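Each chain, letter by letter, is given below.
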Amino acid sequence: MQTPFPPYDEPEVDQSGRGPRLREIPFRMLVPNLITVLAICAGLTGIRLAFENRFELAVAMVLIAAFLDGIDGRVARLLKAQSKFGAQMDSLADIVNFGVAPALVLYVFILDQARSFGWIAAIVYAIAAALRLARFNVISERGVKPAWESYYFVGVPAPAGALLVLLPIYFGFLGLPIDRTTGFLAAAYTMFIGFLLVSRVPVYSGKGSGGGVRRDLVMPFILVAVVYVSLLMSFTWETLTLTAIGYLISLPFGARAWSKKYGKAARGPATEPAETGQDSPTDDSQDKPGGSS
């Protein structure tokens, strides 16, 4: 008689007749997954608040979801709680929080003024975010990476894309009229951000040199962080608007710095493997070792 489980998946059987014994999992292994689930809840709640026309809370929930989604991987590494299950959960959460939630909130707020064109723009952005995250997963699994990938992202990262695509909402909170014209402009801008997500534009990641700060710059750095957080709390939408615009302005400078330092080597005879998930038979069957993307 054939056993119901493969030999490697066979549970331990309790001889007392109470059924299979389940292996206990340390609580620290659950903490990153709980943060990921809370991030998904925040993103979905932001969608609900948008349909209830509570847009300020909706944007806040989307940004909170992005924050939680950004720290779960770091918490996993800090607690040494990385798992393949957590990696898959994190990827799914990224699609919701950085793709679907911002697109729907934006559509309810302003893109619906452009009717079908606005809905197409929302779909394009959501799909672009999913493609961006899939490409990130494939790049993360490659054994050999170019040196410049330690310092730059390929395309705008999904969390930054969520911050950028909400820029029309920030303007709306600051008094921009919501009408058919601004709806079409917002739809074109949304498609543009979607293009940046899937583009090959090198974007400085800030991860170079281990992400440290020179000793003589520690106090100024802390002071700048305090000033920024204070402005964010007191002038939320103005600060977010300037942050998004400043990030967009910085993109050409980052790409120019990449071209000067790494451009010649990147255009050399060595070519990178394709990132569509078809460059090797094992690309789409592997799991990310970490818990964050």
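As a starting point, this report considers the structure included with it. The shown structure was predicted, so the numbers you read here are calculated from the model rather than taken from an experiment.

1. Overview of the overall build of the protein
Then step 1. The helix and strand inventory of the protein stands at nine helices and four strands.
Then step 2. For the protein, the sequential pattern of α-helices and β-strands runs β-β-α-α-α-α-β-α-α-α-β-α-α.
Then step 3. Counting all 293 residues of the protein, 40% fall into the buried class.
Then step 4. Summarising the internal contacts of the protein: among those between residues at least 6 apart in sequence, 81% fall at separations of at least 24.

2. Side note on the side chain of Ser 199
Then step 1. Within the fold, Ser 199 resides in the loop between helix 7 (180-198) and strand 4 (202-204).
Then step 2. A polar contact is formed between the side chain of Ser 199 and the backbone nitrogen of Val 201, at a distance of 3.4 Å.
Then step 3. Discounting chain neighbours no more than four positions away, the residues touching Ser 199 are Arg 135, Val 154 and Gly 155.

3. Digging into unusual backbone geometry
Negative phi characterises most residues that are not glycine, and trans characterises most peptide bonds.
Then step 1. Positive phi outside glycine occurs at Asn 53, with the angle close to 65 degrees.
Then step 2. A positive phi angle, near 55 degrees, is found at Arg 115, a position not held by glycine.
Then step 3. The topology assignment puts Arg 115 in the loop between helix 3 (84-109) and helix 4 (116-141).

4. Looking at the packing of helix 4 against helix 5 (residues 158-165)
Then step 1. Look at helix 4 against helix 5: their axes get within 10 Å of each other, and the N-to-C directions meet at 160 degrees. Taken together, helix 4 and helix 5 sit at an angle that is classed as roughly antiparallel. As helix 4 runs across helix 5, the sense of the crossing is right-handed. Across from Tyr 125, Arg 132 and Leu 133 in helix 4, the residues of helix 5 making contact are Ala 158, Gly 161, Ala 162 and Val 165.
Then step 2. Here the residues of the contact of helix 4 with helix 5 are counted per class, giving five nonpolar, one polar and one charged.

5. Quick notes on the pattern of salt bridges
Then step 1. As enumerated under the stated definition, the model contains two salt bridges in all.
Then step 2. The partner of Glu 52 in a salt bridge is Arg 48, and the shortest N-O contact between them spans 2.9 Å.
Then step 3. Overall, the relative accessible area of 32% leaves Glu 52 in the partly exposed class.
Then step 4. Among the ionic pairs, Arg 54 bridges to Glu 52, the shortest N-O distance being 3.0 Å.
Then step 5. Look at the salt bridges and you will find they share partners, linking Arg 48, Glu 52 and Arg 54 into a network.

6. Here's the deal with the packing of aromatic side chains
Between two aromatic rings, the relevant description is the distance of the centres plus the angle of the planes.
Then step 1. Tallied over the entire structure, the rule returns seven aromatic pairs.
Then step 2. Here the aromatic rings of Phe 109 and Phe 173 are separated by 5.6 Å at their centres, their planes lie at 75 degrees, and the arrangement is edge-to-face. In this pair, Phe 109 sits in helix 3 while Phe 173 sits in helix 6 (residues 167-173), placing the two residues 64 residues apart along the sequence.
Then step 3. Using a relative accessible area of 22% as the deciding quantity, one classes Phe 173 as partly exposed.
Then step 4. On the basis of an interplanar angle of 25 degrees and a centroid distance of 6.2 Å, the ring pair of Tyr 170 and Trp 237 is categorised as stacked. Placement of Tyr 170 in helix 6 and of Trp 237 in helix 9 (residues 236-266) is noted, with a sequence separation of 67 residues between them.

7. A short note on the nonpolar core
Then step 1. One finds Val 156 and Tyr 170 to be the most contacted residues of the largest nonpolar core, which totals 47 residues.
Then step 2. Those residues in contact with Val 156, other than ones at most four positions away along the chain, are Arg 132, Gly 161, Leu 164, Leu 196, Leu 197, Val 203, Tyr 247 and Leu 251.
Then step 3. Counting six residues, the second largest nonpolar core, distinct from the first, contains Ile 139, Trp 148, Tyr 152 and Val 154.

8. Things to note about a nonpolar patch on the surface
Then step 1. Among the surface-exposed residues, Trp 119, Ile 123, Ile 127, Leu 131, Phe 192, Phe 195 and Val 198 lie close enough to one another that they form a single nonpolar patch of about 660 Å² accessible area.
Then step 2. Of all elements in the fold, only helix 4 and helix 7 reach the threshold of two or more residues within the nonpolar patch.
Then step 3. In terms of residues, the nonpolar patch owes the most to one element, helix 4, which gives four residues.
Then step 4. Relative to the helices and strands, Val 198 resides in helix 7.

9. Considerations on helix 3
Then step 1. The terminal C-alpha atoms of helix 3, which comprises 26 residues, lie 37 Å apart, in line with the 38 Å expected from a rise of 1.5 Å per residue.
Then step 2. Within helix 3, the axis deviates most sharply at Val 100, by approximately 30 degrees, and proline Pro 102 lies no more than four positions further along.

10. Considering the environment of Thr 181
Then step 1. Secondary-structure assignment places Thr 181 in helix 7.
Then step 2. Taking the C-alpha atoms as reference, Thr 181 lies 8.1 Å from Gln 113; in sequence the two are 68 residues apart.

11. Here's the deal with the environment of Asn 53
Then step 1. By the element assignment, Asn 53 lies in the loop between helix 1 (27-51) and helix 2 (55-78).
Then step 2. Classification of Asn 53 by relative accessible area gives exposed; the value is 56%.
Then step 3. Taking the C-alpha atoms as reference points, Asn 53 and Val 108, 55 residues apart in sequence, are found 8.2 Å from one another.

About the cut-offs
- Throughout this document, residue positions are counted from 1 along each chain, in the order its sequence is written.
- Per-residue local features of the predicted model are confined to residues with pLDDT of at least 70, and side-chain atom pairs are confined, for both listing and counting, to 80 or more; whole-chain, interface and lining totals are unaffected and use all residues.
- Side-chain numbers come from the whole structure's heavy atoms, not from hydrogens or water.
- Secondary structure elements are taken from DSSP: a helix is a run of H or I of four residues or more, a strand is a run of E of two residues or more, and numbering for both begins at the N terminus.
- Accessible area is worked out with a 1.4 Å probe on protein chains only. A residue is then buried under 20% of its type maximum, exposed over 50%, and partly exposed in between.
- Any two residues having at least one pair of non-hydrogen atoms within 4.5 Å are treated as being in contact.
- Definition of a polar contact: a pair of N or O atoms within 3.5 Å, with one able to donate and the other able to accept a hydrogen when the atoms are protein atoms, and with sequence-neighbouring residues admitted only if both atoms are side-chain atoms.
- For helices, the axis comes from a line fit to the C-alpha atoms of the stretch in contact; other axes are also lines fit to C-alpha atoms, and the angle between any two N-to-C directions lies between 0 and 180 degrees.
- If an angle is under 35 degrees, it is roughly parallel; if it is over 145, roughly antiparallel; if it lies from 65 to 115, roughly perpendicular; otherwise it is oblique.
- Left-handed describes a crossing in which the near helix is turned anticlockwise from the far one by less than a right angle; the clockwise case is right-handed.
- Residue polarity follows a fixed list, in which Ala, Val, Leu, Ile, Met, Phe, Trp, Tyr, Cys and Pro are nonpolar, Asp, Glu, Lys and Arg are charged, and the others, Gly among them, are polar.
- Salt bridge, as used here: a side-chain nitrogen of Lys or Arg that lies within 4 Å of a carboxyl oxygen of Asp or Glu.
- Put simply, two rings from Phe, Tyr or Trp (the six-membered ring, in Trp's case) pair if the centres are within 6.5 Å, and we call them stacked under 30 degrees between planes, edge-to-face over 60, tilted for the rest.
- Working definition of a nonpolar core: buried Ala, Val, Leu, Ile, Met, Phe, Trp, Tyr and Cys residues. They are joined through side-chain atoms within 4.5 Å.
- A residue counts toward a patch only above 30% relative accessible area and without a salt bridge, and it is joined to like-charged neighbours within 9 Å or, for Val, Leu, Ile, Met, Phe, Trp and Tyr, to nonpolar neighbours within 5 Å.
- The Shrake-Rupley method, run with a 1.4 Å probe sphere, supplies the accessible areas, and residue values consider only the shown protein chains as cover.
- An expected span of 1.5 Å times one less than the residue number is assigned to each helix.
- What we call the bend at a residue is the angle made by axes fitted to the seven residues finishing there and the seven residues starting there.

These figures capture arrangement, not role.
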